[in-house]
Amino acid sequence: MGFSQWLSLTFIFHAFLSLPISSEPSLGPEVLPQIPVNFLELAKRPEVFDWMVGIRRKIHENPELGFQEFETSKLIRAELDQMGIPYKYPVAETGVVGYIGTGSPPFVAIRADMDALAMQESVEWEHKSKVPGKMHACGHDAHVTMLLGAAKILQDHRHEIQGTVVLVFQPGEEGHGGAKKMLDDGVLENVDAIFGIHVSASHPIGAVASRPGPVLAGSGFFEAVISGKGGHAAIPQHTIDPILAASNVIVSLQHIVSREADPLDSQVVTVSKFQGGGAFNVIPDSVTIGGTFRAFSKESFIHLKQRIEEVITKQASVQRCNATVTFNDNDQPFFPVTVNNKDLHVHFQKVAGDILGTQNVLEMQPLMGSEDFSFFAEVIPGYFFFLGMKNETQGRFESGHSPYFRVNEDALPYGAALHASLATTYILEKQSKPNPPKGSSHDEL
Ligand SMILES: *[C@@H]1O[C@H](CO)[C@@H](O)[C@H](O)[C@H]1NC(C)=O
Ligand SMILES: *[C@@H]1O[C@H](CO)[C@@H](O)[C@H](O)[C@H]1NC(C)=O
Ligand SMILES: [Zn+2]
Ligand SMILES: [Zn+2]
């Protein structure tokens, strides 16, 4: 980072200059071990817990899709105003970036995504989505709430923070690449590390799960229009049948991963869309197919993309059809592989172990899902982990994107405390050894 860049950023922090200068003694490294435990107790206090539950339910009732999170953003800003936390808005349209602490380095970011999904909620409960066809089915309502919970805890301890915690509320995670837009707007300039949480229905409440290195796949979408020549279904010789061509294309696409990829390098090509024809007796002019592809390294990802295009166009030509292939709607960026920094993994294990007990800090296999948190973790050391929600006595918790998805609100204090503790202990550690060797976030690729 250049000195001039650094200067140009100082305007953001002018709000801090008006903060009263603390006369409280600052926390030294000797009190480090107590912080996380205290933060969980704080977050579980009824006044904090009930306040979080209220926020989460309000957001759940009013889900907003990517880059349309106007009311959610307004709610976040109202809560930050209430707490006296300065913030920058708008960032990437509806995004909000808050600052707690001295306004000076080290800077550590904690992140939540704000958007909902275009689907109908099927859970019948008092705080069901009030917007037909929109639902918080991925838990981003809980993510926003936990970040606000962390903000409350941190703001109460702001005079003890010898650095700055950056609260990142980002829009448009669900396929929109909102994180990329936040980055382009400079949210991570000068930031040393970033942490992100996702709720998980497959891990028990009170536990967290993650791993060092690649944790979520890189992901892209493709769509192809396969054109032939329509006509009477009983006179095929006068037509060029795109249904047959598309069927062969789909079968050939399955061979990319099974025959060309290293079996130990996990990859996926799925055709999830097939649209063509509308009558029993008519061969249509064209068929549209589409799907997703996933990989855990940039090289594998690029290879998949190239081969998907080749296989579709060449296989279509075998049946005399033409095909055009496009990737990602509206030039949206591919989601990179989410790679957890190894030093931050060590930090996470220590902090989460102190809060939850080491037996509740689980190591997991990588998942084929993807997250746009990866854009952040591509430019600075990042760490993404899953927060358990499963509690057998409260019935089955469906996984994300199910219309029956439920958030276990008992998880909120854990998320808030983990955010706050990871950030404060990161700053304390950084202060006690100002120039720790920075691990590359790409060391496994
Ligand atoms: C495919 O494209 C070629 C070249 O543009 C064209 O001559 C041909 O008619 C097309 N075939 C079909 C089935 O659309
Ligand atoms: C699981 O749910 C039950 C019933 O609501 C509750 O009493 C218990 O405390 C929950 N367990 C945890 C770890 O939150
Ligand atoms: Zn999702
Ligand atoms: Zn999500």
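Residues numbered from 1 in each chain as written. Chains lettered and ligands numbered in written order. Predicted model: local features only at pLDDT ≥ 70, side-chain atom pairs only at ≥ 80, totals over all residues.

## Description of the site of ligand 1
So, step 1. Taken together, the residues surrounding ligand 1 are Ser227, Gly228, Lys229, Ile240, Arg320, Cys321 and Asn322.
So, step 2. Taken together, the residues of the shell around ligand 1 break down into two nonpolar, three polar and two charged. (Near = placed C-beta within 6 Å. Nonpolar A, V, L, I, M, F, W, Y, C, P; charged D, E, K, R; others polar.)

## Considering the sheet that holds strand S13 (residues 322-327)
So, step 1. The four strands are arranged S10-S12-S8-S13 in an open sheet whose pairing can be described as antiparallel. Every interior strand has two partners, whereas the edge strands, strand S10 (267-275) and S13, have only one. The mean angle between the axes of side-by-side strands here comes to 20 degrees, regardless of whether they run parallel or antiparallel.
So, step 2. The pairing of strand S8 (residues 218-227) with S13 spans six bridges and is classified as antiparallel. By the bridge assignment for S13, Ala224 is matched with Val325.
So, step 3. Helix H8 (residues 242-260) contacts S8, S10 and strand S12 (286-295) of the sheet and is inclined by roughly 170 degrees relative to S10. (Pairing = 2+ DSSP bridges. Helix = DSSP H or I, 4+ residues; strand = E, 2+ residues; numbered from the N terminus. Axes fitted to C-alpha atoms, helices over the stretch in contact; angles between N-to-C directions. Contact = placed C-beta atoms within 7 Å.)

## Remarks on the site of ligand 2
So, step 1. Around ligand 2 lies a shell formed by Ile205, Gly206, Asn391, Thr393, Gln394 and Asp410.
So, step 2. Partitioned by chemical class, the residues of the shell around ligand 2 number one nonpolar, four polar and one charged.

## Topic: the confidence of the model for the chain
So, step 1. When pLDDT is averaged along the chain, the result is 91; 89% of the residues meet or exceed 70.
So, step 2. Predicted confidence for residues 1-30 stays below pLDDT 50, and this span has 22 contacts to residues more than four positions away or in other chains.
So, step 3. Segment residues 439-445 is flagged for pLDDT under 50; beyond a separation of four residues in sequence, or across chains, it makes 18 contacts in the model. (pLDDT = per-residue confidence, 0-100.)

## Concerning the pairing of strand S4 (residues 164-170)
So, step 1. Counting buried positions along S4 yields seven of seven residues, so the element is predominantly enclosed.
So, step 2. Pairing geometry for strand S2 (residues 95-101) and S4, over six bridges, is antiparallel. Residue pairing for S4: Ile100 is matched across the bridge by Val165.
So, step 3. Two elements, strand S3 (residues 107-113) and S4, share seven bridges in a ladder whose sense is parallel. By the bridge assignment, Ala112 is partnered in S4 with Phe169.
So, step 4. Considered for its hand, the β-α-β crossover made up of S3, helix H6 (residues 140-156) and S4 is right-handed. (Buried ≥ 20, exposed ≤ 12 C-beta atoms within 10 Å, placed from the backbone. Right-handed = clockwise from strand over helix to strand, strands pointing away.)

## A few points about the sheet that holds S3
So, step 1. Reading across the sheet, the eight strands line up as S1-S2-S4-S3-S5-S16-S6-S15 and stay open at both edges, with mixed pairing between neighbours. Each edge of the sheet is formed by a strand with only one pairing partner; in this case those strands are strand S1 (87-91) and strand S15 (361-363). When the angles between neighbouring strand axes are averaged without regard to direction, this sheet yields 25 degrees.
So, step 2. Pairing of strand S5 (residues 191-204) with strand S16 (residues 382-390), which is carried by eight bridges, proceeds in the parallel orientation.

## Focus on the packing of helix H4 (residues 46-61) against helix H12 (residues 412-432)
Two quantities define a packed helix pair, namely the angle between the helix axes and the distance between the axes.
So, step 1. Two numbers describe how H4 lies on H12: the axes approach to 10 Å, and their chain directions differ by 105 degrees. As summarised for this structure, H4 and H12 are arranged roughly perpendicular, according to the angle between their axes. The residues of H12 that touch H4, namely those facing Phe49, Met52, Val53 and Arg56, are Leu412, Pro413 and Ala416.
So, step 2. Looking at the contact of H4 with H12 residue by residue, the classes come out as six nonpolar, no polar and one charged. (Parallel < 35°, antiparallel > 145°, perpendicular 65-115°, else oblique.)

## Side note on the environment of Val191
So, step 1. Relative to the assigned elements, Val191 resides in strand S5.
So, step 2. Between the C-alpha atoms of Val191 and Pro381, which are 190 residues apart in sequence, the distance is 9.4 Å.
So, step 3. When sequence neighbours within four positions are dropped, the list of residues in contact with Val191 reads Phe107, Val108, Ala109, Val166 and Ile380.

## Topic: unusual backbone geometry
So, step 1. Note that the residue after Tyr89, namely Pro90, is joined by a cis bond; omega there is -10 degrees.
So, step 2. Residue Pro106 is bonded to the preceding Pro105 through a cis peptide linkage, with omega at -5 degrees.
So, step 3. Despite not being glycine, Glu93 has its phi angle at roughly 75 degrees, a positive value.
So, step 4. Relative to the elements of secondary structure, Glu93 occurs in the loop between S1 and S2.
So, step 5. On the neighbour-count criterion, Glu93 (18 C-beta atoms within 10 Å) is partly exposed.

## Examining the environment of Glu223
So, step 1. Relative to the assigned elements, Glu223 resides in strand S8.
So, step 2. The spacing of Glu223 and Thr324 is 101 residues in sequence and 8.3 Å in space, taken between C-alpha atoms.
So, step 3. The contacts of Glu223, once residues within four sequence positions are left out, are Thr288, Gly290 and Thr326.

## Brief notes about the nonpolar core
So, step 1. Formed by 113 residues in total, the largest nonpolar core has its most connected members in Val108, Leu147, Val166, Leu167, Val208, Ile226 and Ala423.
So, step 2. Here the element with the most residues in this core is H12; it accounts for 11 residues.
So, step 3. Viewed by domain, this core spans two of them, domain 1 (3-214 + 337-432) and domain 2 (218-331), each represented by three or more residues.
So, step 4. Those residues in contact with Val208 that lie beyond four places of it in its chain are Ala352, Leu356, Asn360, Val361, Leu362, Phe385, Phe386, Leu387, Gly388 and Leu418.
So, step 5. Among the nonpolar cores identified, the runner-up in size contains six residues, and Ala116, Met135, Cys138 and Phe405 belong to it. (Core = buried A, V, L, I, M, F, W, Y, C linked by C-beta atoms within 7 Å. Domains from an automatic or database assignment.)

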